[in-house]
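Tertiary structure, described
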Amino acid sequence: MSMLSERQKEELHKSILDYFQSAGLHASYAALRAETGLEAEDFVPDPKAKYAGLLEKKWTSVIRLQKKIMELETRNAQLLEELSSPSFSAKRTSSSDFIPRAPARHVLTGHRSPVTRVAFHPVFSVLASTSEDASVKVWDWESGELERTLKGHTKAVNDADFDAKGNLLVTCSSDLTLKIWDVPNDYRNTKTLYGHDHSVSSVRFMPAGDLIVSASRDRTIKVWEVASGYCTRTLSGHADWVRYALPSDDARSLTARIWDPHSGESRVELRGHEHVVECVAWAPTVAYAAMRELGGLAAPRATDERARLPGAFVATGSRDKTIKLWDTSSSQCLRTLVGHDNWVRALVFHPSGKFLLSASDDKTIRLWDLKTGRCTKSIEAHGHFVTCLTWGRALVGGGGAGVENGAAGKEAGKDGKPGAAGEEVVRRPVNVLASGSVDMTVRVWTP
């Protein structure tokens with residue numbers, strides 16, 4: 001007994017007849033037409049009809065789906081094998097074993113102009129990319145598939161950032177606005193923030209997620225309240241375009257002038273680059289030991305809690321082709337890293353705290369050993385200038401929201417006690433790196 005309705009049967013018969021006729025199988029065409037009882041007026045070959053070419057389309061769709069299912073089954077088998085391995089936890093959560101290497105796992109294409117920024121979701125395998133084509137694209141970095149394209153800005157989108165829980169995405173643009181997108185609600189644009197008088201070049205959520213910090217070519221940094229969308233403070237003091245504003249993990253500082261966003265005071269001014277500063281990155285606390293050794297600084301006393309607070313060290317990259325590492329308490333430049341052949345456009349600290357990664361207009365990503373200050377690896381990453389670089393924020397070794405720039409988190413065990421056996425379980429950012437380029441692609445780098 002057939003499971004098809006009469007209408008479905010008729011459409012199937014017509015699609016088969018259309019295939020027989022287009023393939024020149026006239027005897028089969030006549031036989032099926034006679035057996036189905038379709039008269040001349042019931043079936044007239046028409047290339048615009050619903051049934052035209054339907055059989056071939058369905059057949060190729062089935063083949064594609066079969067291939068996809070086989071790939072997923074293979075991947076699932078690999079993951080199950082990995083999960084059953086006793087070394088799974090150590091293998092996946094240890095960040096020290098992952099150094100990016102060519103080729104990239106995925107090359108994501110779809111933007112029609114240079115990619116300006118990439119941002120990872122703090123929980124899921126989601127990656128957002130912004131571009132000069134005025135769009136934001138949302139990808140699944142595990143599969144490399146495009147999930148959606150966000151449109152709303154009218155000029156180049158320069159930056160994007162997810163809040164710590166991954167519920168909101170904020171973007172900024174050369175159209176002078178910031179936009180907030182509701183991630184769980186199909187990325188609906190809920191607010192558009194106005195206030196800057198020139199292109200907005202950088203935007204970040206403060207760690208608590210209640211405030212947003214933006215930097216602009218109008219020479220100001222603005223602090224915005226997420227709930228109301230109002231600008232609560234404007235920081236003025238730069239003499240030219242403010243290209244980047246990055247909160248420290250304790251939300252007490254912004255750089256490369258270092259500001260207190262709550263009081264509006266400029267705390268430190270870092271001088272030493274011979275050209276425009278393009279990017280900054282706060283050193284995670286796990287990198288402090290290597291930074292002190294590199295700069296010849298004495299180790300702090302074990303009782304000195306202030307020495308372990310976020311915001312003690314920062315890295316800056318410039319159009320003078322150098323990277324500088326700074327002690328923010330003294331404004332001292334600890335070391336200048338020389339090796340790139342063009343502007344340095346992005347910096348990110350390795351989660352282990354042992355390395356600094358940099359991206360440049362010389363088309364490379366370089367790995368710097370923080371203990372020695374030497375470049376230990378150079379990757380030909382893109383076919384054009386590398387504009388942005390970021391590390392995954394989702395944590396492995398435990399649940400919860402992620403952290404940025406390689407700062408490790410700790411997870412408590414049952415009943416709020418550290419770990420299952422009374423020890424702290426260290427959670428580290430997932431081993432994934434993303435880069436964007438003027439070549440209009442996003443590359444995803446994984447082990």
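Provided above is the structure to which this section pertains.
Residues numbered from 1 in each chain as written. Predicted model: local features only at pLDDT ≥ 70, side-chain atom pairs only at ≥ 80, totals over all residues. Heavy atoms only, no water.

1. Section: the overall build of the protein
Broken down by element type, the protein carries 5 helices and 29 strands. Sequence-distant contacts in the protein: of pairs separated by 6 or more residues, those separated by 24 or more amount to 52%. Counting every atom, the protein has about 22,100 Å² of accessible surface; 51% of that belongs to carbon and sulfur. (Helix = DSSP H or I, 4+ residues; strand = E, 2+ residues; numbered from the N terminus. Contact = heavy atoms within 4.5 Å. Areas by Shrake-Rupley, 256 points an atom, 1.4 Å probe, with all protein chains shown as cover.)

2. Overview of the side chain of Ser318
Counting through the fold element by element, Ser318 comes out in strand S17 (residues 313-318). A relative accessible area of 0% places Ser318 in the buried class. Filtering out sequence-adjacent residues up to four positions away, Ser318 remains in contact with His273, His275, Val276, Val277, Glu278, Trp343 and Val344. (Buried < 20%, exposed > 50% of the residue type's maximum accessible area, 1.4 Å probe, protein only.)

3. With respect to empty space enclosed by the protein
Per the counting criterion, the structure on display carries 2 cavities of 30 Å³ or more. By volume, the second largest cavity is sized at about 30 Å³. Lining the second largest cavity are Phe120, His121, Phe124, Ser125, Trp141, Gly392, Arg393, Ala394, Val430 and Val432. Of the residues assigned to the lining of the second largest cavity, the class counts are 6 nonpolar, 3 polar and 1 charged. (1 Å grid on protein atoms, 1.4 Å probe; cavity = no way out; pocket = protein on both sides within 12 Å on 5 of 7 lines; lining within 4 Å. Points joined across faces, edges and corners; volume = space filled by probe spheres on them. Nonpolar A, V, L, I, M, F, W, Y, C, P; charged D, E, K, R; others polar.)

4. Quick notes on the pairing of strand S13 (residues 231-236)
In this structure, strand S12 (residues 220-225) lies alongside S13, joined through 5 bridges in antiparallel fashion. Note on S13: the bridge partner recorded for Trp224 is Cys231. (Pairing = 2+ DSSP bridges.)

5. Structural notes on the nonpolar core
As a rule of thumb, nonpolar side chains are buried together in soluble globular proteins. If you look at the biggest cluster of nonpolar residues, it comprises 21 residues, and the most contacted ones within it are Met291, Ile323, Leu325, Leu347, Phe349, Leu356 and Leu370. Where this core is concerned, the elements lending two or more residues are strand S16 (277-282), helix H5 (288-295), S17, strand S18 (322-327), strand S19 (332-338) and strand S20 (344-349). Judged by nonpolar contacts, the second largest core, of 16 residues, contains Val348, Ile365, Leu367 and Leu433. (Core = buried A, V, L, I, M, F, W, Y, C linked by side-chain atoms within 4.5 Å.)

6. Observations regarding helix H1 (residues 6-22)
Because an α-helix packs 3.6 residues into every turn, residues spaced three or four apart end up facing the same way. Over its 17 residues, H1 runs 24 Å from end to end, which matches the ideal 24 Å to within 8%, given 1.5 Å per residue. Where H1 is concerned, the buried positions are Lys14, Ser15, Leu17, Asp18 and Phe20. Just past H1, the residue Gly24 takes up positive phi, approximately 75 degrees. (Expected span 1.5 Å × (residues − 1).)

7. A word on the sheet that holds strand S9 (residues 188-194)
On the basis of which strands lie adjacent, the open sheet formed by 4 strands has the order S6-S7-S8-S9 and antiparallel pairing. Strand pairing shows two members of the sheet lacking a second neighbour, strand S6 (157-162) and S9, which therefore form its edges. Direction aside, neighbouring strands of the sheet carry axes that sit 20 degrees apart on average. Pairing between S6 and strand S7 (residues 168-173): 5 bridges, direction antiparallel. What sits directly across from Val157, in S7, is Ser173. (Axes fitted to C-alpha atoms, helices over the stretch in contact; angles between N-to-C directions.)

8. As for helix H2 (residues 26-36)
Every buried residue of H2 is accounted for by Tyr29, Leu32 and Arg33. Here the buried residues of H2 occupy an arc of 100 degrees about the axis, which is enough to place them on one side. The exposed residues of H2 that point more than 90 degrees off its buried face are Ala27, Ala34 and Glu35. Looking at the buried positions of H2, the neighbouring elements they touch are H1. Positioned one or two residues after H2, Gly37 has a phi angle of 75 degrees, which is positive. (Arc of directions from axis to C-beta.)

9. Focus on unusual backbone geometry
Here the amide bond leading from Ala102 into Pro103 is cis, since omega sits at 0 degrees, within 30 degrees of zero. Tracing the chain through its elements places Pro103 in the loop between helix H4 (88-93) and strand S1 (106-109). A positive phi angle, near 65 degrees, is found at Ser331, a position not held by glycine. Note on placement: Ser331 falls in the loop between S18 and S19. Positive phi outside glycine occurs at Lys363, with the angle close to 75 degrees. Within the secondary structure, Lys363 is located in the loop between strand S21 (355-360) and strand S22 (364-369). With a relative accessible area of 34%, Lys363 lands in the partly exposed category.

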